[in-house]
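# Chains, contacts and geometry: an overview
Residue strings, one per chain:
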Amino acid sequence: MAVAVVLLTIALVLVVALLVAAGAGKLARMDGASYPAALTRAATAFAAVITLAAAVTAALAALST
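Structure report, in brief.

Within the protein, the regular secondary structure consists of two helices and zero strands. Here the C-alpha atoms of the protein give a radius of gyration of 15 Å, more than 25% beyond the 11 Å that 2.2 N^0.38 yields for 65 residues. Principal-axis analysis of the C-alpha atoms places the extent of the protein at approximately 45 × 20 × 15 Å. For the protein, with 65 residues in total, the buried portion stands at 14%. In the form shown here, the protein has an accessible surface area of approximately 4,800 Å², with 81% of it arising from carbon and sulfur atoms.

Right, let's talk about the packing of helix α1 (residues 2-30) against helix α2 (residues 35-64) for a bit. Here α1 crosses α2 at 150°, and the two axes come no closer than 8 Å. As far as their axial angle goes, α2 and α1 are roughly antiparallel. Two packed elements cross with a definite hand, and for α1 against α2 that hand is right-handed. Of the residues in α2, those touching α1 at V13, L14, A17, L18, V20, A21, A24, G25, A28 and R29 are Y35, A38, R41, A42, A45, F46, V49, I50 and A53. Residue composition of the contact of α1 with α2, by class: 16 nonpolar, one polar and two charged.

Applying the stated criterion to the full structure yields zero aromatic pairs. In this structure, R29 is placed above the aromatic ring of Y35, and the distance from its NZ or CZ to the ring centre is 3.8 Å.

Cut-offs applied
Residues numbered from 1 in each chain as written. Predicted model: local features only at pLDDT ≥ 70, side-chain atom pairs only at ≥ 80, totals over all residues. Heavy atoms only, no water. Helix = DSSP H or I, 4+ residues; strand = E, 2+ residues; numbered from the N terminus. Rg over C-alpha atoms; globule rule 2.2 N^0.38 Å. Buried < 20%, exposed > 50% of the residue type's maximum accessible area, 1.4 Å probe, protein only. Areas by Shrake-Rupley, 256 points an atom, 1.4 Å probe, with all protein chains shown as cover. Axes fitted to C-alpha atoms, helices over the stretch in contact; angles between N-to-C directions. Parallel < 35°, antiparallel > 145°, perpendicular 65-115°, else oblique. Left-handed = near helix turned anticlockwise from the far one by under 90°. Contact = heavy atoms within 4.5 Å. Nonpolar A, V, L, I, M, F, W, Y, C, P; charged D, E, K, R; others polar. Phe/Tyr/Trp six-rings, centres within 6.5 Å; stacked < 30°, edge-to-face > 60°. Lys NZ or Arg CZ within 6 Å of the ring centre and 35° of its normal.

Dropping the structure here:
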């Protein structure tokens, strides 16, 4: 049961990260950025969401011990 919860949480975080990256890329293009600049902004947003999820996981793990 715990493995299923972990896998579903990972999937949810990845979906949210992809949605944030797509939104950031779309907003960058609407702002007039070139495709490479929009891709860079999307990648930065994706990495930020993954980093935030890792930080929250580490904080929760530290609280539970």
